[in-house]
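# Geometric and topological summary
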Amino acid sequence: MTHDELLEWSRRAAEWALDYHNGLRDRPVRAQVAYGDTAAKLPAVAPDAPEPMEQIFADFEATVPNAITHWQHPRFFAYFPANASPASMLAEQLTSAIAAQAMLWQTSPAATEIEQVMVGWLRAALGLSDHFTGTIHDSATTATLSAVLTMRDRATGWRSVEDGLFGGPRLRIYASAQTHSSVDKAARVAGIGQANLVKVPTRADYGMDPDALDAAIRADIAAGHKPAGVVLCTGGTSIGACDPITECLAVAKRHDLYTHVDAAWAGSAMICAEFRDLWGGVDRADSVVFNPHKWLGVQFDCAVQFLADPAPQIRSLGLRPEYLQTLGQDEIVNFNEWTVPLGRRFRALKVWFVLRAYGLDGLRQRIRNHVAWAGELAEAIKQIEGCEIVTGPILSLFTFQFGDDAKTEALLERINDDGRVYLTQTRHEGRFVIRVQVGQFDCTRDDVMTVAEVVSQISRNL
Ligand SMILES: *Cc1c(COP(=O)(O)O)cnc(C)c1O
């Protein structure tokens, strides 16, 4: 394919995309295919001879759309959203056309500098203190790993950077049981080990108990272990739990521990000042991550990590071999030194497009609607016979049960086979519960209230 042909096919792809998005409400939200169906349609080996694009495109249309769970469907209420606003799609087309490697300032000056400015725009939009700088990762998992690696090396007095962890005391990391599994993964990947990630007990509201944190740290010190850092969460994935940030950070600081706040989902809501109490005190954290690729409409992948001081993370992750030097310029920012991978995409462009195309007011209105509609929906589900709200809305996330575990699971399967809406489950206090989050970029109040209609219809026939 030539670039002239690409123009023609890009038009076709844009027309296809418009039809696809306009037709989403007529499709089942969750893919209704079995494991192996798609692979069975493809030849076992790549073609030797070039094939016509007409045929490739036709095969795409025949193979892909019916075997996709439609994350941009307005009635997607599963997991958390992965919103891709049209403005972010446009930016991604341009990023794809330029296809630059943004590893060094010199390899893409605009990518580095727009990233710096966008981190500043987002910091101000979220109401964070202006001492934070930051960078954009592919995912919150990577940002959290970066913070945990920094905790590890700082706790060893940076000896681990050269010597590894051999011979030192056990490093200990603290988080509540409500934190995301990416924290467990970070502890494993960092060589700290799952057993050294201490799950601190929570209070009645499922936020970490600061006294229990203090006690856990003291017990570890008494046992000869080396506390390294604390990971707190604002808006945990299961039910939206929020740790008391001010109190927990105070404990961490008293023990001179590095701190990271995971607000991957809930962070987007902080563009609305009325929700900021959920992470009150966050300005004292060393590191904070949130995913504009979840609720804000900046399509995957885009995870912003704010850093009170980037120097420790750069000390852990930054390498500057001869072939990556920028001659004559030592003081410029090269973002690969802030992150795990060397290669990096130009992700800031879609942030720039989205923040300008919708404005903060447009984005705030969406989030406020979602939170209000989630509240209305929880009320409506509560009225359905046999349904019990198990955890009430935190922002736009709540959970419910229908009868017992087995009936709830059966209801969930029927709902997702029906296809009008898509919901997923979690386990809370040992109970199987259905999670509902409202956050799809284009959903309407009617889309949201459809959940109550579907639950009511299907539960009646169970
Ligand atoms: C989604 C989520 C993550 C993981 O995000 P990725 O960007 O997919 O790595 C981590 N923490 C929380 C609280 C999340 O909701």
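Residues numbered from 1 in each chain as written. Predicted model: local features only at pLDDT ≥ 70, side-chain atom pairs only at ≥ 80, totals over all residues. Heavy atoms only, no water.

The criterion, for reference: UniProt positions are given in the numbering used here, feature names are shortened, and annotations may be inferred rather than shown by experiment.
Going by what an unreviewed UniProt entry lists, the protein is known as Aromatic-L-amino-acid decarboxylase and is assigned to Yoonia maritima. Taken from UniProt, the Sequence similarities (unreviewed entry) comment for the protein reads in full: "Belongs to the group II decarboxylase family." In its Cofactor (unreviewed entry) section, the UniProt record describing the protein reads: "pyridoxal 5'-phosphate".

## Some details on the packing of helix H5 (residues 109–125) against helix H12 (residues 348–382)
We apply this condition: For every element, the axis is a line fit to its C-alpha atoms; helices are fit only across the contacting stretch, and the angle between N-to-C directions ranges from 0 to 180 degrees. Runs of H or I in DSSP of at least four residues are treated as helices and runs of E of at least two as strands, each being numbered from the N terminus. To sort the angles, those under 35 degrees are grouped as roughly parallel, those over 145 as roughly antiparallel, those from 65 to 115 as roughly perpendicular, and the leftovers as oblique. Helix crossings fall into two classes, left-handed where the near helix is turned counterclockwise from the far one by less than a right angle and right-handed where it is turned clockwise. Any two residues whose heavy atoms approach within 4.5 Å at even a single point are treated as in contact. Polar here means any residue outside two lists: the nonpolar Ala, Val, Leu, Ile, Met, Phe, Trp, Tyr, Cys and Pro, and the charged Asp, Glu, Lys and Arg; Gly therefore counts as polar.
Axis separation between H5 and H12 bottoms out at 8 Å; the angle between their running directions is 40°. By the angle class used here, H5 and H12 are oblique. Crossing handedness for the pair H5 and H12: left-handed. Between H5 and H12, the contacting residues are Ala111, Ile114, Glu115, Met118, Trp121, Leu122 and Ala125 on the first element and Ala348, Val351, Trp352, Leu355, Arg356 and Leu360 on the second. Each residue belonging to the contact of H5 with H12 can be placed in one class, and the counts come to 11 nonpolar, no polar and two charged.

## Here we look at the site of the ligand
The cut-off we apply is this: Note on definitions. A residue lies near a molecule or strand when any single heavy atom of the residue is within 4 Å of it. Polar contact is defined as a pair of N or O atoms within 3.5 Å, subject to the rule that within protein one atom must be able to donate a hydrogen and the other to accept it, and that residues adjacent in sequence are counted only when both atoms are side-chain atoms. Using a 1.4 Å probe, the Shrake-Rupley method yields the accessible areas, and only the shown protein chains count as cover for residues.
Residues in close proximity to the ligand total 13 residues, the closest being Ala140, Thr141, Asp262, Asn291 and Lys294. Here an oxygen atom of the ligand and a side-chain polar atom of Thr237 are 3.1 Å apart. At 2.8 Å from an oxygen atom of the ligand is found a side-chain nitrogen or oxygen belonging to Lys294. Protein chains bury 87% of the 380 Å² of accessible surface belonging to the ligand in isolation. Looking at the shell around the ligand residue by residue, the class counts come to three nonpolar, eight polar and two charged.

## Describing the nonpolar core
The cut-off we apply is this: Throughout this description, the term nonpolar core refers to a set of buried Ala, Val, Leu, Ile, Met, Phe, Trp, Tyr and Cys residues connected via side-chain atoms within 4.5 Å. Here's how the labels work: a residue is buried when its accessible area is under 20% of the maximum for its type, exposed when over 50%, partly exposed in between, all with a 1.4 Å probe on protein chains only.
Among the nonpolar cores identified, the biggest contains 62 residues, and Leu126, Tyr174, Leu213, Trp279, Phe306 and Ile367 are the most heavily contacted of them. Ranked by the residues each element gives to this core, the list is headed by H12, at eight residues. Setting aside residues up to four positions removed in sequence, Leu213 forms contacts with Tyr174, Val200, Met208, Val230, Cys248 and Val251. Counting 29 residues, the second largest nonpolar core, distinct from the first, contains Leu377, Phe400, Val436 and Val454.

## With respect to the pattern of salt bridges
Definition in use: What counts as a salt bridge is simple: a side-chain nitrogen of Lys or Arg found within 4 Å of a carboxyl oxygen of Asp or Glu.
This structure, assessed with the given rule, holds 27 salt bridges. Close ionic contact of Glu337 with Arg320 constitutes a salt bridge, the shortest N to O distance being 2.7 Å. Pair noted here: Glu337 is in the loop between helix H11 (311–317) and H12 and Arg320 is in the loop between H11 and H12, with a separation of 17 residues, a long-range link. On the basis of relative accessible area, Glu337 is assigned to the buried category, the value being 9%. Arg420 is the partner of Asp418 in a salt bridge, and the nearest nitrogen-oxygen pair spans 2.9 Å. We classify Arg420 as partly exposed; its relative accessible area is 26%. Where salt bridges share partners, they join Glu92, Asp301, Arg345, Arg347 and Lys350 into one cluster.

## Details of the environment of Arg123
Mapped onto the elements, Arg123 comes out in helix H5. For the pair formed by Arg123 and Val390, sequence separation is 267 residues and the distance between their alpha carbons is 34 Å. Among residues more than four places away in sequence, those in contact with Arg123 are Leu128, Ser129, Asp130, Phe132 and Phe306.

## Side note on the sheet that holds strand S9 (residues 397–402)
Quick note on the threshold: Strands are labelled as partners when DSSP assigns at least two bridges between them.
Taken in spatial order, the four strands line up as S8-S9-S11-S10 in an open sheet, and their pairing is antiparallel. Strand pairing shows two members of the sheet lacking a second neighbour, strand S8 (387–394) and strand S10 (424–428), which therefore form its edges. Going across the sheet, the axis of each strand differs from the next one's by a mean of 35°, ignoring polarity. Bridge analysis of S9 against strand S11 (residues 431–437) gives four bridges, and the strand direction is antiparallel.

## Some thoughts on the UniProt feature "modified residue: N6-(pyridoxal phosphate)lysine" (unreviewed entry) in the protein
As annotated in UniProt, the feature "modified residue: N6-(pyridoxal phosphate)lysine" (unreviewed entry) corresponds to Lys294 in the numbering used here. Structurally, the position occupied by Lys294 is in the loop between strand S6 (287–290) and strand S7 (303–307). In this structure Lys294 touches Phe80, Pro81, Ala82, Asn83, Ala264 and Trp265, once residues within four positions along its chain are discounted.

## Observations regarding the packing of helix H1 (residues 3–22) against helix H3 (residues 53–63)
Across the interface, H1 lies against H3 with an axial gap of 12 Å and an inter-helix angle of 15°. It follows from the interaxial angle that H1 and H3 lie roughly parallel. Taken as a pair, H1 and H3 cross one another with a handedness that is right-handed. Of H3, the residues touching H1 (which contributes Trp9, Arg12, Ala13 and Trp16) are Met53, Glu54, Phe57, Phe60 and Glu61. For the contact of H1 with H3, the residue count by class is six nonpolar, no polar and three charged.

## Overview of the domain arrangement of the protein
Cut-off, in case you're wondering: Domain segmentation is taken from an automatic or database assignment of domains. Two parts lose some accessible area (1.4 Å probe) when they are put together, and adding that loss for both gives the buried area.
The domains assigned to the protein are domain 1 (3–71), domain 2 (101–345) and domain 3 (361–459). Relative placement of domain 2 and domain 3: their C-alpha centres are 31 Å apart. Counting from both sides, the interface comprises 21 residues of domain 2 and, opposite them, 20 residues of domain 3. Three residues stand out in domain 2 for area buried against domain 3, namely Ile239, Trp265 and Trp295, and they jointly supply 37% of the buried area on that side. Taken together, the links from domain 2 to domain 3 amount to one salt bridge.

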